[in-house]
Each structure stands twice: as C-alpha cells, then as structure tokens.
Amino acid sequence: MTDPAAFAALTPDDVLDALAGIGLMGDGRLSALNSYENRVYLAHLEPGTTLADTHPAVVLKFYRPGRWSVAQIEEEHAFALELAAAEVPVVAPLRLAGRTLHAHGGFAFSVSPRRGGRTPELGDAEALEWIGRFIARLHGVGARARFAHRPAVDLDGYGREPRQWLLAHGALPLEVEREWADVSQQAIDVIAGSALSTCAASPFDPESAAIATLRLHADCHPGNILWTPTDRPGGGPHFVDLDDCRSGPAVQDLWMLLPGERAERQQALGALLDGYEQVRDFDRRELALIEPLRTLRLIHYSAWIARRWDDPAFPAAFPHFGTPAYWREQIDVLQAQLEAMQEPPLVA
C-alpha cells in the first residue's frame, strides 16, 4: 500500500506527469478542487493535443490509498458509465486507452470531463421535484443489477464497526468516552430493534429482505448535486461524485436533501417524492428509516475524520474535532436522535 504521507504530499508535477503518462498534455494550469477524501485537480490541456478539442479542461481524481480496492473503484466507474449510457446526468470518467482507472507513482487515478454548476435551491419545490425525478432515474438503473464488490449502507458498516474503531483506538478523551459509548450503543440498539417497529421489514435486520435495496449514489447531499441553468442544453441537476456509491434502501438518496425543522423536511419530502414517483414507485415504509440513517451517518462521520487524522488536511479543516467539546456536542446530538427515532416518521 502507498504511504499515506506520500499521498498527502502529492505535487503539481506528479499530477502533470500522470496526465502525460496517459497521453494527455497539460498546459501548466492546475487547480486543486475541494475534496478531503481524495486529491482532485482541474487541469487545462494544451490546445491541439489529444482530447483538448472536446475537453479543454479535465478533472483528475487520485484515490486515497487503501480505501477502495481496484475492483471497487472499477465497479463505481462501471455504474457511472451505465448511468451515462441511460442518459442519467452524471459525470462519468473518461475511457482512455481502453481504461477508466490509471496508475502513476503508486496512486490510482481517473480523468473526467469538467462540469460546472451551483448548489441547487432546496427551498424551491420545482427544483426538488426535478431532483426527485433525477434520483428516480438513477435508481431505475441502480435496480437493474447488484454490486459485486461495493459495500452496503448497513448497521455494521455505518454503526457498529465505526463505533468499535473509535473506542479501540482511543479517539475520545477519557472524560467523555463512557458517556459517548453508552449513548452510541443505545442508538445502535434502537436502530436494530424498536425504532423500526413501524416498518414491516428493514435493511438493518439481517433476517428481513422485504424492503428492497439497490445500487445508490449513497452520499446524496446538496454538495454532490450541481445545478445548471435550465435554459441551457442539458440544464438542471447532475451528480458529480459517485465515490461513495453503495447498495441500500432508496431513501438513503433522499433524506440528506431534507432541510431544517420537521415541517420544512415534510414539505421538501413531498416535493421530492412528487418528482420521484413520476418515474418509479417509492415504498413508504422506508420513511421510518430516515432518522436511523441520519443517526448512523453521525457515528460514521466521526470515525471517518478520526481515521484520516494523520492527513494534514484534516486537522486544518476540522480544528474542533477530538476535543471534549466536540464529543459533548456529539453526545447531545445522539441523545436528540434517540428522541427523533421514537417520533412518528415523516409522511408523504
């Protein structure tokens, strides 16, 4: 495995050499794009060289070593290309020299077209309805087959394992460790049991398969959807990152787009499902999974930061992380989630 420190020290020369290694010539203009997990760069190509006429600028993504296997990354790419072939607006990697995944200096990387846009207006019911149709189209393709290598959004991967890792690696200050351990275990127990009693079956229950799971974006927050003006060709929403694609229930790709307080979330959910159900059916039992999924993401997110703490980008980006105050906030949020998981689910 490549040394994580070398990944953190990736240089512009490394990026341009990687481009040249697959027959693309950068003109020297290179910009780092916002990404904590991977290293992502916008590179402008020399006019008149390979690909420059159709793609004057491309995006290179260098994958964090050890996170995904080659088979898992290639499965992400295959899913993106399948979506693009079905005319679902996603930014798929370019196939160059017969491949979408390349290697340079021990790092795996891909090259994609540049696509701009802005964060969608989640207060706009018409935009939410459009996004709902868009997600339903993605799910229509996602339901055609199963992932062979990508993991699932489930209780073990998002709850039990991250919690155990945090406790085993001394990630919490001693003065808050026991309280967080207790409340996080309570949350996991609720998710595994009574919180889902209103749902006939759950993907968190290994004995039940009644709620369908499918290939998802799985990290469908507003930052991963870009909106382009609707008066332009191809305008509307498009996905820019399938790095976290997994299998799971359809509602996983909806709940992160629900803003604010319960009344606002209810209204936004209605607009999303108005659009979604123009394209495919939605199982209303999945609405009981929204707060459990939100709770699991909180545990998973804390472990994600802790696992990356040796990367200099993380202490700079999350200076509050790891302090007693941070973990007390997490305790308060998890306690609030325990209450939220006892409330009736949203309806639509």
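Residues numbered from 1 in each chain as written. Predicted model: local features only at pLDDT ≥ 70, side-chain atom pairs only at ≥ 80, totals over all residues. Heavy atoms only, no water.

**Student:** Give a description of the packing of helix H4 (residues 125-142) against helix H7 (residues 262-276) that names residues and reports values.
**Tutor:** Where H4 contacts H7, the two axes come as close as 6 Å, and the packing angle between them is 50 degrees. Overall, the two elements H4 and H7 adopt an arrangement that is oblique. Crossing geometry of H4 relative to H7 is assigned as right-handed. Between H4 and H7, the residues in contact are Ala125, Leu128, Glu129, Ile131, Gly132, Arg133, Ile135, Ala136 and His139 and Ala268, Ala271, Leu272, Asp274, Gly275 and Tyr276, respectively. (Axes fitted to C-alpha atoms, helices over the stretch in contact; angles between N-to-C directions. Helix = DSSP H or I, 4+ residues; strand = E, 2+ residues; numbered from the N terminus. Parallel < 35°, antiparallel > 145°, perpendicular 65-115°, else oblique. Left-handed = near helix turned anticlockwise from the far one by under 90°. Contact = heavy atoms within 4.5 Å.)

**Student:** Give me helix H5 (residues 155-168): which residues, what numbers.
**Tutor:** Since one α-helical turn is 3.6 residues long, residues separated by three or four positions face the same way. A rise of 1.5 Å per residue sets the reference length of H5, with its 14 residues, at 20 Å; its end C-alpha atoms lie 18 Å apart and thus fit the reference within 8%. Glu161 marks where H5 bends most, by close to 30 degrees; the proline Pro162 follows one to four residues later. For H5, the full list of buried residues reads Leu155, Tyr158, Gly159, Pro162, Arg163, Trp165 and Leu166. On its buried face, H5 sits against helix H6 (174-192), helix H8 (290-307) and helix H10 (324-340). One or two steps after H5, the chain reaches Gly170, where phi turns positive at roughly 60 degrees. (Expected span 1.5 Å × (residues − 1). Bend = angle between axes of the 7 residues up to and from the residue. Buried < 20%, exposed > 50% of the residue type's maximum accessible area, 1.4 Å probe, protein only.)

**Student:** Give a detailed account of the packing of aromatic side chains, specifying residues and quantitative values.
**Tutor:** Using the criterion set out here, one finds 19 aromatic pairs in the structure. For the pair Trp180 and Trp327, a centre-to-centre distance of 5.5 Å together with 75 degrees between the ring planes defines the contact as edge-to-face. Of this pair, Trp180 sits in helix H6 while Trp327 sits in helix H10; the two residues are 147 residues apart in sequence, bridging distant segments of the chain. A relative accessible area of 1% means that Trp180 is categorised as buried. When the centroid spacing of 5.0 Å and the interplanar angle of 90 degrees are considered together, the rings of Tyr326 and Trp327 count as edge-to-face. Tyr326 gets classed as buried once you look at its relative accessible area, which sits at 9%. Arg150 extends its terminal NZ or CZ atom over the ring of Trp68, reaching a point 4.0 Å from the ring centre. Over the face of the ring belonging to Phe147 we find Arg215, whose NZ or CZ atom lies 5.9 Å from the ring centre. (Phe/Tyr/Trp six-rings, centres within 6.5 Å; stacked < 30°, edge-to-face > 60°. Lys NZ or Arg CZ within 6 Å of the ring centre and 35° of its normal.)

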